[in-house]
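Take a look at the letters that make up each chain.
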Amino acid sequence: MSSSRTSGVTTKPIGSRVWPWSPRFWHGMRTSVWLSLVRRNRFRISPSRWAMAGIITFFSPLNSVLALLQRGLYGRRLRRRQIEHDPIFVIGHWRSGTTLLHELLVLDERFTYPDSYAVFAPDHFLVSAWLLKPLLWPLIPSHRPMDNMLSAWHLPQEDEFALCTMGLRSPYNTIAFPNEPPQDQDYLTFDGVGPDDVAAWQAGLFEFVKRITLRSGKPPVLKSPPHTGRIRVLLDLFPRARFVHISRDPMVLFASTVNLWKRLYETQGLQHPRFEGLEEHVLDSLERMYAAYERDRITVPHGQLCEIRYEDLVARPLEVMRRVYEEIELGGFETVRPKLDAYFAAKADYKTNKYSLSPQWRDEVAHRWAGYAERFGYVHEDHAAPGAAR
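One structure accompanies this document, and this report is about it. (Residues numbered from 1 in each chain as written. Predicted model: local features only at pLDDT ≥ 70, side-chain atom pairs only at ≥ 80, totals over all residues. Heavy atoms only, no water.)

1. A look at empty space enclosed by the protein
Considering all chains together, one arrives at three cavities of 30 Å³ or more under this definition. In this structure, the second largest cavity encloses a volume near 70 Å³. What lines the second largest cavity is Trp94, Pro171, Tyr172, Thr174, Ile175, Gln185, Leu188, Trp261, Tyr265, His281 and Ser285. Secondary structure elements with two or more residues in the lining of the second largest cavity: helix H7 (173-176), helix H10 (250-268) and helix H11 (278-296). For the lining of the second largest cavity, the residue count by class is seven nonpolar, four polar and no charged. (1 Å grid on protein atoms, 1.4 Å probe; cavity = no way out; pocket = protein on both sides within 12 Å on 5 of 7 lines; lining within 4 Å. Points joined across faces, edges and corners; volume = space filled by probe spheres on them. Helix = DSSP H or I, 4+ residues; strand = E, 2+ residues; numbered from the N terminus. Nonpolar A, V, L, I, M, F, W, Y, C, P; charged D, E, K, R; others polar.)

See below:
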């Protein structure tokens, strides 16, 4: 297997290739959202990505029409719908194990979640999933491009991509135009974002949650790393929300997150990525998120926050998941325990990416992320041969 070396981060990646015809996140955008995105970035699309941009432009009117159809068929029900059960939020830095934790929690049939198709087409999945999900099934890669985790339309997916596709401001707009300065970084924490803009973002998230829960009425489990720094804004919207935070060896987080953004920029970007300033972007994002997390986590009511470590979860999964159920007062652990056993038995052969860092970047991570390492107990651990998280 080949390896790639950039700025002292050596990667031996495992993951599926994303083909030119594979759906991108932007394919689900309505015309107005798509044009706003490219206009904000002054139409700076690389020639090698013109075909991708053309296909997105071609499909955007279909998304707009289907969105109108969904609004006509479900608008009244959605307006009347009340959120009976506030969400459970899986939070933590990218590559810390949030996907694994998300998949474990939704094994419990009492909960619902946004699947990949709902995230891909958030404005019309209620009316289009029955037709387009089977038609698009062969186009989605079998595994994610950045690791060996399965990828399929029915699997749980990150709601931040849905919010971005709906036209809400999101740091994930950077993925589309990776050679421009990082976009919407204030929306990692909402520090400095005006009240009207905060309210607009909250309204968008609330609408998406109503769509997800419309048919089942079950409490939703949402997972998004950017939510880590948004506890204040999320509690204002969902006062009874519960949070499960997962941490991971910071040396792994840095190397694996650099690889994550590289792969997403390469496969999803509308520009041929140069990766300029990528490492600084990764370092800065964690610092922003965790300054807000440490400030706001003390405001979370008792019984609504649990913190775990990835290393403990994979070493003692049942023990750690039992603690999650107890600390955020979910109940019913024994009912879901057999499914947890089966899940880990099926994943016994899972292989992670392997990374190594140059001494320069190891020192930089140790210095810049010292607070994170001390807070979650990684100061004295050996970082000689880290493996990637799921």
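Picking up after the structure, the text goes on.
2. A short note on the pattern of salt bridges
Applying the stated criterion across every chain, the model contains 32 salt bridges. The shortest N-O distance in the salt bridge between Arg368 and Glu287 comes to 2.7 Å. Here Arg368, found in helix H15 (residues 359-368), pairs with Glu287, found in helix H11; they are 81 residues apart in sequence, far enough to count as distant. Overall, the relative accessible area of 28% leaves Glu287 in the partly exposed class. Here the salt bridges do not stand alone but share partners, grouping Arg30, Asp123, Glu207, Lys210 and Arg211 into one network. (Salt bridge = Lys/Arg side-chain N within 4 Å of Asp/Glu carboxyl O. Buried < 20%, exposed > 50% of the residue type's maximum accessible area, 1.4 Å probe, protein only.)

3. Some remarks on the nonpolar core
Counting 89 residues, the largest nonpolar core has Trp26, Phe243 and Trp261 as the members making the most contacts within it. When residues of this core are assigned to their parent elements, the largest contribution, nine residues, is made by H10. When sequence neighbours within four positions are dropped, the list of residues in contact with Phe243 reads Phe89, Ile91, Ile231, Leu234, Leu235, Val300, Gln304, Leu305, Cys306 and Ile328. With 26 residues, the next largest nonpolar core counts Leu105, Val106, Phe111 and Tyr325 among its residues. (Core = buried A, V, L, I, M, F, W, Y, C linked by side-chain atoms within 4.5 Å. Contact = heavy atoms within 4.5 Å.)

4. Details of the environment of Gln157
Tracing the backbone through its elements, the reader meets Gln157 in the loop between helix H5 (125-136) and helix H6 (159-165). Spatially, the C-alpha atoms of Gln157 and His102 are 8.6 Å apart, while their sequence positions differ by 55 residues. Other than its neighbours up to four places away in sequence, Gln157 contacts His102, Pro114, Asp115, Ser116 and Val119.

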